[in-house]
Amino acid sequence: EKIASSQKRTLESYNEEEEDITARFLENIKRDFEEIKSESHKIETQIFRRKGPKPEENRLGADFAIILEINNKKDYIKKYFLAQSKKCKSKSKLRFDKLLVSQCEKMMSTTSDSFVFVYTKRGIFVKSALNKVLTFKKVRDFFVDFVNCFIGEIHCCDEYRCWRHFPHHPFFHMDADNLSNKIH
């Protein structure tokens, strides 16, 4: 319900630039999660710089990341996903051109939990960056899977509490093999 509300408020300003839609979407998600006032679930969002010295988007291929922390009496999990956003008239108009393919490959070199978020007038849809022929999910269904732990790069120990400084964490300076070895 909260994600549906975030989506609706975000798309009220559909005529804005893609970057502004992304910023509004992440603000809405963060605000809606804070309204839940759960001690065991926290969400962080991160927009990656497109300009300036060493822009993060060029290195990671992602426009943003969402980080979910679950800390209840039994488990501590901190997980995230990377996302590239695109604004299209409809989800069927999304084209995997050379730029989008390159962005997806960069994201996938960091985590297989990488996605393309498509902003349309009718809703926000999510597709895996893994394969351009995979089907879309509604953003609400995607977040249900994310919160229920079917989606997300998971880190399950106290060592990962330093992810507050995400994405400047040393993992992002490792190659994929070293990253995988460190996580597992």
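For every chain, the first residue of its written sequence is number 1, and the numbers climb from 1 along that sequence. Owing to the predicted nature of the model, reporting of local features is limited to residues with pLDDT of at least 70; listing and counting of side-chain atom pairs is limited to 80 or more, with chain, interface and lining totals taken over all residues. For the side-chain quantities, the full set of heavy atoms in the structure was used; hydrogens and water were omitted.

### Some points on the environment of asparagine 28
Item 1. Strands are runs of DSSP state E lasting at least two residues, helices are runs of H or I lasting at least four, and both sets are numbered from the N terminus onward. If you trace the backbone, asparagine 28 turns up in helix α2 (residues 18-36).
Item 2. For asparagine 28, a relative accessible area of 6% gives the class buried.
Item 3. Remark: the alpha-carbon pair of asparagine 28 and arginine 9, spanning 19 residues in sequence, is separated by 7.5 Å. Burial classes: relative accessible area under 20% of the type maximum marks a residue as buried, over 50% as exposed, and values in between as partly exposed (1.4 Å probe, protein chains only).

### Overview of the nonpolar core
Item 1. One finds Phe25, Ile66, Phe81, Phe117 and Phe143 to be the most contacted residues of the largest nonpolar core, which totals 26 residues.
Item 2. Looking at this core, the elements that each hand over two or more residues are α1 (2-11), α2, β2 (64-71), β3 (76-87), β4 (114-120), β5 (123-128) and α5 (139-147).
Item 3. Note on contacts: a residue pair is in contact if any heavy atoms of the two residues lie within 4.5 Å. Filtering out sequence-adjacent residues up to four positions away, phenylalanine 25 remains in contact with Thr10, Phe117, Tyr119, Ile124, Val139 and Phe143.
Item 4. Ala65, Cys88, Leu94 and Ala129 belong to the second largest nonpolar core, which has 16 residues in total. The definition of a nonpolar core used throughout is a set of buried Ala, Val, Leu, Ile, Met, Phe, Trp, Tyr and Cys residues joined through side-chain atoms within 4.5 Å.

### Topic: helix α4 (residues 98-110)
Item 1. Multiply 1.5 Å by the residue count of a helix minus one, and that product is the helix's expected span. Over its 13 residues, α4 runs 19 Å from end to end, which matches the ideal 18 Å to within 8%, given 1.5 Å per residue.
Item 2. Inspection of α4 places Leu100, Gln103, Cys104, Met107 and Thr110 among the buried residues, and these make up the whole buried set. All buried residues of α4 project into a common sector of 115° when viewed along the axis, lining one side. For α4, exposure combined with an orientation more than 90 degrees from the buried face picks out Lys98 and Glu105. Each direction from the helix axis to a C-beta atom contributes to the arc, which is the arc of those directions.

### So, the pairing of β5
Item 1. The buried count for β5 comes to 6 of 6 residues, which makes it a mostly enclosed element.
Item 2. Residues Gly123, Phe125 and Lys127 point to one face of β5 and Ile124, Val126 and Ser128 to the other, with burial holding for every one of them.
Item 3. DSSP bridges decide pairing: two strands pair if at least two such bridges lie between them. Pairing of β5 with strand β6 (residues 137-138) involves 2 bridges; the strand directions are antiparallel. Within β6, the residue paired with valine 126 across the bridge is lysine 137.

### Quick notes on the confidence of the model for the protein
Item 1. Looking at the protein as a whole, the pLDDT averages 80, with 82% of positions reaching at least 70.
Item 2. A score between 0 and 100, pLDDT records how confident the predictor is in each residue. Note on residues 156-175: pLDDT under 50 across the span, and 48 contacts to partners over four residues away in sequence or across chains.

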